[in-house]
Amino acid sequence: RGYLSLLRRKYDIYPSRLMVNGKEVYVNDDFGILTESIPFIDRLTFKPGQDIFSIEYSVSNYSPYRMDKFEYRLSGLSDDWISMDDSRSVTYTSLSPGDYTLFVRSVNDKGEIVAMNKIDISVTPPFYRTIWAYMFYVLCALVLAFYLINSYLKRIKLREKLIYEQKHIKDIEELNRIKLELFTDISHEFRTPLTLIEGQIEILMRSDMLTRPLRERIVRVYRNCLQMGELITELLDFRKQEQGKVEIKVSEHDIVAFMKEIYNNFLVYSEYKDIDFTLTEDLSEFMVWYDEKQMRKVFNNILSNAFKYTKEGGNINVSVSKDEGYAVIKVKDTGMGISSENIKNIFNNFYQAYDSNEQGMPVGSGIGLAYSKEIVDMHGGSIDVESCVG
C-alpha cells in the first residue's frame, strides 16, 4: 500500500514550498502555520501580520505533465482561473479576513483537466476586528448614546430651570418695585401728620407753664418724632439709592462724641424695655471723615434691630475703638440670633429671616440693614455680622 500511495502522489499537483512575508515556512517554526510537511497540508491558517504569502507547486516527473497548462483560482475572492507562470507559484497580498479555497489544476491541450489540488485557507482578523471587538464597539456606542441622551436631557432640565429662575427673579424684582412704591407713598402720607405733631410739641415746649420733669418728657417725645421723620426720610432715600441717586457729603467729626449722642437717644428706650444698655469707649476722642447724617441712619438701624430682637432683662453693648487708623464700632446683644443659612442674606434688600422670633414670622421691612451696608460701602468701610441661633 505504501508503494501504491507513492505512485499515486507522483501524478498529483502538490504544494512544495510556503513563503510568508518573504521567509520560508517550516514545520512547527515561529510562524506556527505548518504542523506537518507542506505537501500533505489541507488547510492553512494565517494570523494578523502574515500579510504576504506565496505557495509554490510541484508536479510529478511523468512527462505528459510537462506539456500541460497550469491555472489557479481563489474561491471567495474570484471565480476566474488565472494562468501560472513558469515558477508555478501563487502569491497573495493583504487578503481580507475570511475563509477561502485555493484551487490549482493542470489542463492539457484539449482543455481537459488532468489533475487538481485544493487547499482551504483561513485569514484570521486582528483583535480589533474580532466578534468580541465588535461587541465591545457596540457596547461603547450604547454607553456613548446613553451619555449623550442623558446630557441632552440634563441640558434641557437646566435650561428649563434657568428660565424658571429668571422668571422668578423678575417676579421678585417686580414685587420689590411694588414694595418700594408702597413705602414711598406711605412715607409721603406719614409726613403730613408727623409735621403737625412736631409743630404742636414745639408750641408746648415754648410754654412757661411746664414743670422741668414734664418738659424733659416732652423733649424726649419731640426727639422721637424727629427720629421718626428721619426714618421716613430714610425710606425715601432708600428709593433714591435704588435708583443710584444717593450721594454722601463727608466732613471730619469726632466719632466718640457721635456715638455718645446716639447712645443717649436710645437710653430712655432701653429703660422702658428693661434692657441693660452700655457704651464702652477705648479712647476719649477720634476724628474720622464721614457723612454724619447718613451714618446716623446706619447706627439707628443697627441699634433698632438690636432692641427689636433682645428680650427684657437682656443686654446690649456698644463699643468704640481704633484699629490701624479705622474706627471700629461693635454692637453686641443677647438677642435671639441668626442661623448660619440666613446670616449671609441679612444685607440683601427685603430679606427677612423667619427664625428671628418666636412665632417664626418675618420682622421689619427688610431694607434697614441693606441700606446701612450701602452707606458703609460708600464710605469705604465694611460691615459684618457674627451670630448663631440662641
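Below or above, wherever it landed, is the structure these notes cover. (Residues numbered from 1 in each chain as written. Predicted model: local features only at pLDDT ≥ 70, side-chain atom pairs only at ≥ 80, totals over all residues. Heavy atoms only, no water.)

As for the packing of helix α4 (residues 255-272) against helix α5 (residues 292-309)
Note the threshold: Simply put, an axis is a line fit to the C-alpha atoms, just over the touching stretch for a helix, and the angle between two N-to-C directions goes from 0 to 180 degrees. In this description a helix means any DSSP run of H or I spanning at least four residues, a strand means any run of E spanning at least two, and both kinds are numbered starting from the N terminus. By convention the crossing between two helices is left-handed if the near helix lies anticlockwise of the far one by an angle smaller than a right angle, and right-handed if it lies clockwise. In what follows, a contact means two residues having at least one pair of non-hydrogen atoms within 4.5 Å. Classification convention: Asp, Glu, Lys, Arg as charged; Ala, Val, Leu, Ile, Met, Phe, Trp, Tyr, Cys, Pro as nonpolar; all other residues, Gly among them, as polar.
Running from N to C, α4 and α5 point in directions that differ by 35°, and their axes come no closer than 11 Å. Seen from above, α4 lies across α5 with right-handed handedness. From α4, F258, M259, E261, I262, N265, F266, Y269 and S270 reach across to α5, where they touch E292, M295, R296, F299, N300, L303, S304 and F307. Each residue belonging to the contact of α4 with α5 can be placed in one class, and the counts come to 9 nonpolar, 4 polar and 3 charged.

Focus on the sheet that holds strand β3 (residues 43-46)
Just so we agree on the cut-off: When DSSP finds two or more bridges between two strands, those strands count as paired.
A sheet is described by the order of its strands in space; here 5 strands give the open sequence β3-β9-β8-β5-β6, paired in mixed fashion. In this open sheet, the two strands that pair with only one neighbour each are β3 and β6 (82-83). With 7 bridges joining them, strand β5 (residues 69-75) and strand β8 (residues 98-107) adopt antiparallel strand pairing. Bridged to L74 within β8 is L102.

Let's talk about the nonpolar core
What counts is decided by this rule: Grouping buried Ala, Val, Leu, Ile, Met, Phe, Trp, Tyr and Cys residues that are joined through side-chain atoms within 4.5 Å yields what is termed a nonpolar core. Think of it in three bands: residues with accessible area under 20% of the maximum for their type are buried, residues over 50% are exposed, and the middle band is partly exposed, with areas taken using a 1.4 Å probe on protein chains only.
Membership of the largest hydrophobic core comes to 30 residues, with the highest contact counts inside it found for I255, F258, M259 and F277. At the level of elements, α4, β11 (276-281), β12 (287-290), α5, β13 (315-323) and α7 (368-378) are the ones that each hand at least two residues to this core. When residues of this core are assigned to their parent elements, the largest contribution, 7 residues, is made by α4. Here M259 is in contact with L279, F299, V318, V320 and I329, once residues within four sequence places are set aside. Judged by nonpolar contacts, the second largest core, of 29 residues, contains I38, I41, L95 and Y100.

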